[in-house]
Amino acid sequence: MPLDRKPAPNDLRAFWMPFTANRQFKSAPRMLVASKDMHYTAADGRQILDGTAGLWCCNAGHCRPRITEAVQAQIGELDYAPAFQMGHPLAFELANRLVDIAPEGMDHVFYCNSGSEAVDTALKIALAYHRARGDAARTRLIGRERGYHGVGFGGISVGGIVNNRRHFGTLLAGVDHLPHTHLPENRMTKGQPEHGANLADDLERIVALHGAETIAAVIVEPMAGSTGVLMPPKGYLEKLRAITKKHGILLIFDEVITGFGRLGSPFAAQHFGVVPDMITCAKGLTNGVIPMGAVLATAQIHDAFMQGPEHIIELFHGYTYSGNPISCAAAIATLDTYAEEGLLTRAASLETYWQEAIHSLADHPHVIDIRNMGLIGAVELAPIEGQPGKRAFDVFIKAFEAGILIRVTGDIIAMSPPLIISEAQIDHLIGTLGDVLKAAA
């Protein structure tokens, strides 16, 4: 957008908006100026109920005092410490805290600054791990159709959302994809669907095609979020784990969305009872307050790199801001907040109430599918002919005008409210969405 152009009333497409100096944006529609607990404050002063935890990340709600105070205190004590050949106590404290809530066997933590960086880090660790063990032919990476793994070149390459791939030309070579798990026979399922575990068997086809000795890792979201909330069929993740173990392939769970209580357990790996070799996380790690990501890995992976002399770099990878002291302080305070309020498991106690509320929309106009698990859900709408995504986007606009924040991807409405949501607020969120759907064209 040209810097001297005044925005039209509804002109917030504005990919370039962060770079403009046009002060009139302050009063433009859909501008958020403050937040507290379950609500945003819009520029016009209205309270907006947050039905998406920001962008899947504010799991404890907004502007929580313990997190705010921790950041304020830390920035005046130690603002930055280099992560190469140096350290600081908070980084080790946080790592121990993460290991305490992680699936058993996830004993080591590598810090980064986002979910995208966590994914690229995990992929690089997988490649370097096999090389460190003398298995350097394992260079192939396997993702899944409709998978979303961030915006790095590695994450886009293993990802399977078409529009995230088609704009950037040739990506990483040596990547293959499993089929997605969205099947028509699973429509209107509550929780995990019954059909589709056999789709994991396609990994055996890929192994037969390329040879197990060439495949480094498989990466999947245990529950696919950004593509429109797709649940794993019963037995699907277990099959993936068995096949990867059989062939010596690392299994990576991308838990950037599902980590930190979204499904009613600290991590989805615990919810499903399937432990991968690495877990990527971000978003809820700091409650969305400050960018931070991490890769959790087993001792087997960590120890493979720790064979050389002390003065040699073990893994030629890292970031300037890895384990930043302020990010660590925010993350520790976030974990304290989760623990004090029981938020890492609260979704389990609200799941049935949430499930019945969201499925009450099944008979509303244009609704063709509803999916849910923990405190996450999706309402899929029939598209307008020739205008895919238009119907859901119109619902998004009307919902915001009615005082609720939802998220849309294509014609799918996704909701993942902060874990502090009350039953009354669930009623308000779903009731308001229902009213908007009834009026939708």
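Residues numbered from 1 in each chain as written. Predicted model: local features only at pLDDT ≥ 70, side-chain atom pairs only at ≥ 80, totals over all residues. Heavy atoms only, no water.

## So, the overall build of the protein
In terms of helices and strands, the protein carries 14 helices and 15 strands. Radius of gyration (C-alpha) of the protein: 22 Å, near the 22 Å computed for a compact globule of 441 residues. Reported as C-alpha extents along the three principal axes, the dimensions of the protein are approximately 65 × 55 × 45 Å. Taking all 441 residues of the protein together, the buried fraction comes to 55%. For the protein, long-range pairs separated by at least 24 residues make up 71% of all intrachain contacts whose partners lie at least 6 apart in sequence. When the accessible area of the protein is evaluated, it comes to approximately 19200 Å², of which 55% is carbon and sulfur surface. On the protein, the mean spot of the 37 positive side-chain charges and the mean spot of the 46 negative ones are 6 Å from each other. (Helix = DSSP H or I, 4+ residues; strand = E, 2+ residues; numbered from the N terminus. Rg over C-alpha atoms; globule rule 2.2 N^0.38 Å. Buried < 20%, exposed > 50% of the residue type's maximum accessible area, 1.4 Å probe, protein only. Contact = heavy atoms within 4.5 Å. Areas by Shrake-Rupley, 256 points an atom, 1.4 Å probe, with all protein chains shown as cover. Lys, Arg positive; Asp, Glu negative; His and termini not counted. Charge placed at Lys NZ, Arg CZ, Asp CG, Glu CD.)

## Some thoughts on the packing of aromatic side chains
Scanning all chains against the criterion turns up 4 aromatic pairs. On the numbers, 6.2 Å between centres and 80 degrees between planes, the contact of Tyr 80 with Tyr 321 is edge-to-face. Here Tyr 80 is found in the loop between α2 (65–75) and α3 (89–101), whereas its partner Tyr 321 is found in the loop between α10 (299–305) and α11 (325–341), with 241 residues between them in sequence. Pairwise contacts between aromatic rings join Phe 260, Phe 267 and Tyr 338 into one cluster. (Phe/Tyr/Trp six-rings, centres within 6.5 Å; stacked < 30°, edge-to-face > 60°.)

## Notes on the sheet that holds strand β14 (residues 407–409)
Sheets are built from strands that pair by backbone hydrogen bonding, the pairs being arranged parallel or antiparallel. The 4 strands are arranged β11-β12-β15-β14 in an open sheet whose pairing can be described as antiparallel. At either end of the open sheet lies a strand with only one pairing partner, and these are β11 (367–373) and β14. Between one strand axis and the next, the sheet turns by 20 degrees as a mean value, whatever way the strands run. Strand contacts of helix α12 (residues 343–359): β11, β12 (376–381) and β15 (412–415), with the helix running at about 175 degrees to β11, the strand carrying the most contacts. (Pairing = 2+ DSSP bridges. Axes fitted to C-alpha atoms, helices over the stretch in contact; angles between N-to-C directions.)

## Comments concerning the side chain of Asp 411
Mapped onto the elements, Asp 411 comes out in the loop between β14 and β15. Of the side chains with opposite charge, Arg 391 comes closest to the buried, unpaired Asp 411, at an N-O distance of 6.2 Å. Polar side-chain contacts of Asp 411 include one of 2.7 Å to the backbone nitrogen of Gly 389. Beyond its immediate chain neighbours, meaning those up to four positions away, Asp 411 contacts Val 379, Glu 380, Leu 381, Pro 383, Pro 388, Gly 389, Lys 390, Arg 391 and Ala 392. (Salt bridge = Lys/Arg side-chain N within 4 Å of Asp/Glu carboxyl O. Polar contact = N/O pair within 3.5 Å; in protein donor to acceptor, adjacent residues only side chain to side chain.)

## Looking at the packing of α3 against α11
With their axes 9 Å apart at the nearest point, α3 and α11 run at an angle of 35 degrees to one another. In terms of crossing hand, the pair formed by α3 and α11 is left-handed. Mapping the contact onto sequence places Leu 90, Ala 91, Glu 93, Leu 94, Arg 97, Leu 98 and Ile 101 in α3 and Pro 325, Cys 328, Ala 329, Ala 331, Ile 332, Leu 335 and Asp 336 in α11. The class makeup of the residues in the contact of α3 with α11 is 11 nonpolar, no polar and 3 charged. (Left-handed = near helix turned anticlockwise from the far one by under 90°. Nonpolar A, V, L, I, M, F, W, Y, C, P; charged D, E, K, R; others polar.)

## Notes on the nonpolar core
The biggest cluster of nonpolar side chains holds 96 residues, and the ones touching the most others in it are Phe 260 and Met 415. A total of 7 residues in this core trace back to one element, the largest contributor, which is α12. Counting residues in hydrophobic clusters, the runner-up holds 23 residues, among them Val 119, Ile 125, Leu 250 and Ile 252. (Core = buried A, V, L, I, M, F, W, Y, C linked by side-chain atoms within 4.5 Å.)

## Examining the pattern of salt bridges
The full count for this structure, using the stated rule, is 17 salt bridges. When salt bridges that share partners are traced, they join Arg 66, Arg 97, Asp 336 and Glu 340 into one network.

## Brief notes about the sheet that holds strand β5 (residues 140–144)
Spatial ordering of the open sheet is given by β4-β10-β9-β8-β7-β5-β6, a layout of 7 strands whose pairing is mixed. Of all strands in the sheet, those bounded by a partner on one side alone are β4 (106–112) and β6 (175–178). Each adjacent strand pair in this sheet contributes to an overall mean axis angle of 20 degrees, direction not counted. Sheet topology note: the strand β9 (residues 278–281)/strand β10 (residues 293–298) ladder contains 4 bridges and is antiparallel. Along β10, the bridge assignment pairs Thr 280 with Val 295. Contacts from α3 reach β4 and β10, with the element oriented near 130 degrees to β4. Most of the contacts of helix α4 (residues 115–132) go to β9, to which it runs at about 160 degrees, and overall it touches β4, β5, β7 (215–220), β8 (250–254), β9 and β10.

## Some words on the confidence of the model for the protein
On average, residues of the protein score 93 in pLDDT, and 93% of them reach the 70 mark or higher. Per-residue pLDDT stays below 50 along residues 1–21; that stretch engages in 27 contacts with residues further than four places along the chain or on separate chains. (pLDDT = per-residue confidence, 0-100.)

## Remarks on the pairing of strand β3 (residues 47–50)
Both strand β2 (residues 39–42) and β3 contribute to a ladder of 3 bridges, which runs antiparallel. The residue of β3 that forms the bridge with Tyr 40 is Ile 48. Where β2 folds back on β3, the antiparallel hairpin that results is connected by 4 residues, among which Gly 45 adopts a positive phi of roughly 90 degrees. In this structure, β3 lies alongside strand β13 (residues 404–405), joined through 2 bridges in parallel fashion. Its bridge partner lying in β13, Asp 50 is registered against Leu 405.

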